[in-house]
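Here is what each chain is made of, one letter per residue.
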Amino acid sequence: MRVLCLLLLVVVSAVSAKSLLEQIEERAENNCKTVMDLFIILDSSGSIGAAAFETAKKALIEMVSMLQIGPKKVQVWVFNYGQTVDMPIAFHNMPMSEFTKDVLIRKIQNIPYMNGGCTATGDALRDARLVCGKHCRGLHEGVSRIAVVFTDGNSNCGASVGVESAQFFSQTKSSVFAVGIGFGINNNELLTIATEKKHVVHVQNYIELVTAMNNITVYTCGIPAFVVPNVKVETSTPSNTFRYYQVDTTEHFRNNRNTQGGFMELSAHVHIGKVEVYTSTTNSNPGPGTGHRVQFDTRGSDLFYIEHIEEDTPRLYFSFYGVQTVNEYDFVVNWLDASGGVIG
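Residues numbered from 1 in each chain as written. Predicted model: local features only at pLDDT ≥ 70, side-chain atom pairs only at ≥ 80, totals over all residues. Heavy atoms only, no water.

**Considerations on the sheet that holds strand β9 (residues 242-248)**
Item 1. With mixed pairing, five strands are arranged side by side in an open sheet as β7-β9-β15-β11-β12. Pairing within the sheet leaves two strands with one partner each, and these edge strands are β7 (225-226) and β12 (292-293). (Pairing = 2+ DSSP bridges. Helix = DSSP H or I, 4+ residues; strand = E, 2+ residues; numbered from the N terminus.)

Listed below in structure tokens is the structure:
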């Protein structure tokens, strides 16, 4: 009787887990309208082991199945590395008509385990950075850039992980996740790779890995795209949909050494439709209840809004919410000097 109860419990748990997974997939597929450039960096070294490598591939397939893949949606690159680095999947090398979810999943299934003699994580990050520099959509398009690195964190050959991680972020403005797989995970290296501490994940088995990838996938749908001052972003958003953005303010304060903070101007022009705009210095997804709704002033046909940024504020987050069926707009953020002039 006890065995039967345990068996029933396992069956019920499996059904519940499947139901939850289906709900997450449905939510991501229907509501995750984020446009992103996605980089997957897959450790294929001998220290990972063939079993863990195949598990990581299955988790990657779970992630891809939850995204809207396509030229104007989510574009994907996959790097497979051990002692050397290979790029088995590259958006820019595939005919646009073939870049579909089904084709992508088949290609992931066929990625071979290298069993590399050493772990060149720094080289993989470097190659991903160079590819993004040539083929990522431009910052003027307001597209989120996400990288997910599967590794045990035990790099021991090639370029420095610390140097390449720093350059990867500074040059691509990507949000990077580090997923620890295999045995003997080096957490310090995972922390070096990830852009934030909360982007580090440890997994012990396939169930944990699938759960982690589901969480990462849903989370990436809300990661704001980096924009830089003085660069106009021209984009659009569907109705009832947010587009999230962020500005890194640390470089400005480091260069200007102004302990009084500074003023940032958001200038926008709505070509078609209507939008609502929200800002926050603490919440990466500002909206009703989580951010400040912007009240624009007008300057000719343009809208503008000025916000004071405290000196110790690392980010300014803002969002555009589409009100009508079609909403097309452009915007630019600028730092202002004491007289109101644009800096840079």
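**Regarding helix α2 (residues 50-65)**
Note that an α-helix has 3.6 residues per turn; residues three or four places apart therefore point the same way.
Item 1. Taking 1.5 Å per residue as the helical rise, α2 with its 16 residues ought to reach 22 Å, and the 23 Å between its terminal C-alpha atoms agrees with that figure.
Item 2. Among all positions in α2, only Ala52, Phe53, Ala56, Lys57, Ala59, Leu60, Ile61, Glu62, Met63 and Val64 are buried. (Expected span 1.5 Å × (residues − 1). Buried < 20%, exposed > 50% of the residue type's maximum accessible area, 1.4 Å probe, protein only.)

**Section: the packing of α2 against helix α3 (residues 101-109)**
Item 1. Where α2 contacts α3, the two axes come as close as 10 Å, and the packing angle between them is 170 degrees. What the angle tells us is that α2 and α3 run roughly antiparallel. Of α3, the residues touching α2 (which contributes Lys57, Leu60, Ile61, Val64 and Ser65) are Lys101, Leu104, Ile105, Ile108 and Gln109.
Item 2. For the contact of α2 with α3, the per-class residue count stands at six nonpolar, two polar and two charged. (Axes fitted to C-alpha atoms, helices over the stretch in contact; angles between N-to-C directions. Parallel < 35°, antiparallel > 145°, perpendicular 65-115°, else oblique. Contact = heavy atoms within 4.5 Å. Nonpolar A, V, L, I, M, F, W, Y, C, P; charged D, E, K, R; others polar.)

**A closer look at the side chain of Lys173**
Item 1. With respect to the secondary-structure elements, Lys173 resides in the loop between α5 (161-172) and β5 (175-180).
Item 2. Of the residues examined, Lys173 reaches a relative accessible area of 16% and is grouped as buried.
Item 3. When near neighbours in sequence (up to four residues on either side) are disregarded, Lys173 contacts Arg145, Phe168, Phe226 and Asp248.

**Quick notes on the packing of aromatic side chains**
Item 1. The full count for this structure, using the stated rule, is 18 aromatic pairs.
Item 2. One aromatic cluster is present, built from ring pairs that chain together Phe39, Trp77, Phe79, Phe91 and Phe99.
Item 3. It is Lys173 that lies over the ring of Phe226; its NZ or CZ is 5.9 Å from the centre.
Item 4. The positively charged end of Arg299 is found above the aromatic ring belonging to Phe304, 4.3 Å away from the centroid. (Phe/Tyr/Trp six-rings, centres within 6.5 Å; stacked < 30°, edge-to-face > 60°. Lys NZ or Arg CZ within 6 Å of the ring centre and 35° of its normal.)

**Some thoughts on the sheet that holds strand β4 (residues 144-151)**
Whenever strands of a sheet pair, they do so through backbone hydrogen bonds, lying parallel or antiparallel.
Item 1. Read from one edge of the open sheet, six strands run β3-β2-β1-β4-β5-β6, paired in mixed fashion. Two strands lie at the open edges of the sheet, namely β3 (85-90) and β6 (200-202), each paired on one side alone. Put simply, the sheet's adjacent strands are angled 15 degrees from each other on average, direction ignored.

**Details of the state of the cysteines**
Put plainly, a disulfide is one covalent bond tying together the sulfur atoms of two cysteines.
Item 1. On inspection of all chains with the given rule, the structure shows two disulfides.
Item 2. Across a sulfur-sulfur distance of 2.2 Å, Cys118 and Cys157 are joined as a disulfide pair. Disulfide Cys118-Cys157: torsion about the S-S bond near 85 degrees, hence right-handed. Taken together, the residues span a long stretch of sequence, with Cys118 in the loop between α3 and α4 (121-135) and Cys157 in the loop between β4 and α5 at a distance of 39 residues. (Disulfide = S-S within 2.5 Å.)

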